[in-house]
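Inside the fold
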Amino acid sequence: MTTAVTDELSVELRGFRQVQRLAYECAEAVAAQLRPGVTEREAARMQRAWLRERGVRDWFHLPFAWFGDRTAFVNFRVPLQFFPTDRRLEPGMPFILDMAPVYDGYTADIGYSGSLGVNPVQDRLMADLEAHRELILREVRERRPLRAIYEDVDRLMVRQGYANRHRAYPFGVIAHKVDRVRQRRFSPHLFGFGTQSLKGLAADALHGHREGWSPLWSPYRFSDHPPRPGLWAVEPHLGFRGTGAKFEEILVVTDSRDPVESAFWLDDDLPHVRRWAEEK
Amino acid sequence: MLKGARERRVRTGGVELCVAELGETGRPTVVLVHGYPDSKEVWSEVATRLADRFHVVLYDVRGHGRSSAPQPLRGGFTLEKLTDDFLAVIDAVSPDRPVHVVGHDWGSVQSWEFVTVQRTEGRIASFTSMSGPSLDHFGHWINSRLRKPTPRRVGQLLGQGAKSWYVYALHTPVLPELAWRGPLGKRWPAVLRRFEKVTGDGYPTTSLPQDAAHGAWLYRDNVRARLRRPRPDVYAHAPVQLITPLEDAFLSQRLYDDLDTWVPRLTRRTLPAKHWIPRTRPDQLASWITEFVTATEGGRTEVAATGKYAERFGGQLVLVTGAGSGIGRATAFAFAEAGARVVAVDRDAEAATRTAELSRLVGAPEAWAETVDVSDEQAMEKLADKVAAEYGVVDVLVNNAGIGLGGSFFDTTPEDWKKVLDVNLWGVIHGCRLFGKQMAERGQGGHIVNTASAAAYQPSKALPAYSTSKAAVLMLSECLRAELAGQGIGVSAICPGFVNTNITSTARFAGVDAEEEKRRQKKSARLYGLRNYPPEKVADAVLKAVVRNQAVVPVTPEARGAHLMSRFTPRALRAIARLEPPL
């Protein structure tokens, strides 16, 4: 790889890293403002307002907020149930904030788990997510088929005693590709998803369909291919008896032969990673 | 009858009460109040179990046992006078510290008065009530149902009205006394044995005819007055633990529906037993009383368990085999969530430890992991001894460990057969034999759940060995259920269909090489994954089966469908048995 290409790559990555940090800052700021009685809708609105103030105009998807047993998607049957409700936050309740802002054409998609006060179950889930982050990176570097990695994550969850809750996402995805988005003055959204991003995803899906890969990392046959270079928003989601926890962040996959260069997390300075480091 | 009890007599309001004490006086005081027709000896089993940890006080209510009767009897048994007696007793035995009251039957009725009147405020630390509602609450309960007589509420009224037949009988003059002093008094022990499963052992005492005759005035002096004009301010000023026996012939469970309005700090417990629980379930009562008293002494009244069946399983000891994964693990978690103490048994030590660890996290007050292969007879015997010695007698046993084995009959080798029968059948036999025996010997009820399978009644040419082992488990459960029914021990067989667990990835496939076996495991795991029936739902069915004492419980729609077909269209089921599974 020439230096010019590397530089270009690092400029790109810096853009993505910046917006991912911004999103996590937003999550931490909003989480700090959550009080008993706040509803999911209010929490989602707070995220939206916070990011709008800082220049976000478009979204991969609008911010979500899940409280209580909705963090584990208990009894979710139709996708509409993902949207924020009037469920109120109570002391000890777990919550998850999930947002995907587009800033300056760069997309982030993050998930932040926390609880109002102490929630030992969710603490435990978060601690156990560390193994998943390591497992995913290791196996992507080994270039194993995405479907096989998905199944390994599944097995690890079962061994830990948890249920796989990312299965509830559309297509049961554990990750999906994200990309640069063209900035338009008018950026409408469809069912909570930005049309520009959906367009990108659809284009990828079309290409992928011809070439034998998919921008969605699912348990199905269409994900039975080695990791495709690009940026993947990875979101393992654990559930345990009405409590859920996830993280979501961008994994960079390149076509480099060097294993370390071939895949790496976009940023290692994120709240959940810092937390694991502190616990050690 | 009460060994090692110190006796004293307390004079109050013209009567002399016989008071017995057990245990060190420095400990928290627990006062046990007996009901009708009883004397303090009804508590003998519970009192001895509590004496190690508490200062236990029992007294004969006026006119009962060795306490003297008021003269005249009429008007001598009002709740006001009974409260005077109670205060005199606790002033004598625990002048400085508030006491924990435990009442059964009329002992509970009068303790409700103690805990809701003002003059005892600060003298009562907690109250455990069993089978005795407050007459005032009862009055309000009737009134609210008369005011708004919906069909359901009228049904409740009529139900309790029928159960109260003896109350009307006791209001007849003279006749009850004559009956008690005559034939009824003589036959009472046999009646108790026959209908209430209360075994002898020096109970009831010889004073019974006298107690029962005097005690009739408890009803005559209070029931009509209180039911007609219930006090308006009957709020409890101490935390209350309500223990409801579910098979009580005299009191409906519905009586306690509105209790939360009167008791701000209420803990509910239910027990599948008849009216005389101090005689039939002393272990469970002692453990709940200990837990409640210790919790209130420590200033904590809430129970951590949040599960749906926490009232029923709180503090019970549950042992689950095969608890390292799948249905077993989910069942352990479900019981843990209901506040049960959990023993997680699995041959995989790490997985069992993990289950125990997470069980504590979701609400089990205690949880332990044991590494045992259920097919190993000696290991199981050792486990049974250890569990009995260290954790106690198991209240609910879940024989769940099992392995899968596919392949045609002629491909299945004798070793394969032995292996699958050793785990799936002998594991269950050992569990029932060892832990069931402990349960039966204790004689205080319990429940055994065996995990069979829909394969127990759905034949298949692809699963001959597995289905045979599960059919055996189903029949074993049915036979054992018949044998243990008389001892208050229920047996349930759970028959799940395709449940998303790792049994598919550990299953053996007879008659194929290692590579093909791997492929089939993977394929079946995928198919089960697509079916995606979660083991948590099976766990819920297990708890429900115990609560309702169900015999055979098919779980998942396909299992229920096959169960129906096995009864009504067995030929169709046999046709299905010939299909080749898509592996």
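Here is what the cut-offs are and how they apply
Residues numbered from 1 in each chain as written. Chains lettered and ligands numbered in written order. Predicted model: local features only at pLDDT ≥ 70, side-chain atom pairs only at ≥ 80, totals over all residues. Pairing = 2+ DSSP bridges. Helix = DSSP H or I, 4+ residues; strand = E, 2+ residues; numbered from the N terminus. Contact = placed C-beta atoms within 7 Å. Axes fitted to C-alpha atoms, helices over the stretch in contact; angles between N-to-C directions. Core = buried A, V, L, I, M, F, W, Y, C linked by C-beta atoms within 7 Å. Buried ≥ 20, exposed ≤ 12 C-beta atoms within 10 Å, placed from the backbone. Parallel < 35°, antiparallel > 145°, perpendicular 65-115°, else oblique. Nonpolar A, V, L, I, M, F, W, Y, C, P; charged D, E, K, R; others polar. UniProt positions renumbered as here; feature names shortened; annotations may be inferred. Domains from an automatic or database assignment. Right-handed = clockwise from strand over helix to strand, strands pointing away.

- Looking at an unreviewed UniProt entry, chain B carries the name SDR family oxidoreductase, with the source organism given as Streptomyces cylindrosporus.

- Naming follows an unreviewed UniProt entry, where chain A appears as Aminopeptidase P family protein of Streptomyces cylindrosporus.

1. Focus: the sheet that holds strand 12 (residues 243-246) of chain A
Residues and elements named next belong to chain A.
- The three strands are arranged 5-11-12 in an open sheet whose pairing can be described as antiparallel. Edge strands, defined here as strands with exactly one partner in the open sheet, are strand 5 (163-164) and strand 12.
- Both strand 5 and strand 11 (residues 237-240) contribute to a ladder of two bridges, which runs antiparallel. Opposite Ala-163, over in strand 11, you have Gly-239 as the bridge partner.
- Of the strands in this sheet, strand 11 and strand 12 are in contact with helix 3 (residues 120-141), which crosses strand 12 at around 30°.

2. Focus on unusual backbone geometry
- Note that the residue after B:Tyr36, namely B:Pro37, is joined by a cis bond; omega there is -10°.
- Here B:Pro37 shows up in the loop between strand 3 (29-33) and helix 1 (44-50).
- With a phi close to 60°, A:Asp104 is a non-glycine residue in the positive phi region.
- One can find A:Asp104 in the loop between strand 2 (94-103) and strand 3 (106-107).

3. Notes on the nonpolar core
Residue and element names in this part refer to chain B.
- Ranked by size, the top nonpolar core spans 155 residues in total, and within it Leu-319, Phe-335, Val-342, Ala-344, Ile-494 and Val-542 carry the most contacts.
- Every residue in contact with Ala-344, bar those within four places of it in the chain, is listed here: Val-320, Ala-323, Ala-332, Ala-352, Thr-355, Ala-356, Ser-359, Ala-367 and Ala-369.
- Counting residues in hydrophobic clusters, the runner-up holds 71 residues, among them Ala-20, Leu-242, Val-263 and Ile-277.

4. Observations regarding the environment of A:Ser197
Residue and element names in this part refer to chain A.
- With respect to the helices, strands and loops of the structure, Ser-197 is situated in helix 5 (residues 195-211).
- Note: C-alpha distance between Ser-197 and Leu-116 (81 residues apart in sequence) is 33 Å.
- When sequence neighbours within four positions are dropped, the list of residues in contact with Ser-197 reads Phe-60, Val-102, Thr-107 and Val-181.

5. Some points on the packing of helix 22 (residues 557-568) of chain B against helix 23 (residues 570-577) of chain B
Residue and element names in this part refer to chain B.
- Viewed as axis vectors pointing N to C, helix 22 and helix 23 meet at an angle of 125°, and their least axial separation amounts to 6 Å. Between helix 22 and helix 23, the angle falls in the class oblique. In contact with Ala-562, Met-565 and Ser-566 of helix 22, helix 23 contributes Pro-570, Ala-572 and Leu-573.
- Looking at the contact of helix 22 with helix 23, its residues break down into five nonpolar, one polar and no charged.

6. With respect to the interface of chain A and chain B
- The interface of chain A with chain B comprises seven residues on the first partner and 11 residues on the second.
- Taken together, the residues that form the side of chain A that touches chain B break down as four nonpolar, one polar and two charged.

7. Some points on the UniProt feature "domain: Ketoreductase" (unreviewed entry) in chain B
- Following the UniProt record, the feature "domain: Ketoreductase" (unreviewed entry) maps to residues 316-497 of chain B here.
- With 49% helix and 20% strand, the stretch residues 316-497 of chain B has end C-alpha atoms that lie 29 Å from each other.

8. A look at the domain arrangement of chain B
All names here are of chain B.
- According to the domain assignment, chain B contains domain 1 (6-297) and domain 2 (312-577).
- Of the residues lining the interface, 12 residues belong to domain 1; the matching set on domain 2 comes to eight residues.
- If you list the elements that add at least two residues to the side of domain 1 that touches domain 2, you get strand 8 (266-271) and helix 12 (282-297).
- Considered class by class, the residues forming the side of domain 1 that touches domain 2 number three nonpolar, four polar and five charged.

9. A few points about the pairing of strand 14 (residues 446-451) of chain B
All names here are of chain B.
- Summarising burial for strand 14: six of the six residues are buried, a large majority.
- The two faces of strand 14 match: Gly-446, Ile-448 and Asn-450 on one face and His-447, Val-449 and Thr-451 on the other face are all buried.
- Relative to strand 15 (residues 489-496), strand 14 runs parallel, the two sharing six bridges. The residue bridging Asn-450 from the neighbouring strand is Ala-493, located in strand 15.
- In the classification by handedness, the crossover that spans strand 14, the intervening helix 18 (residues 464-484) and the parallel strand 15 is right-handed.

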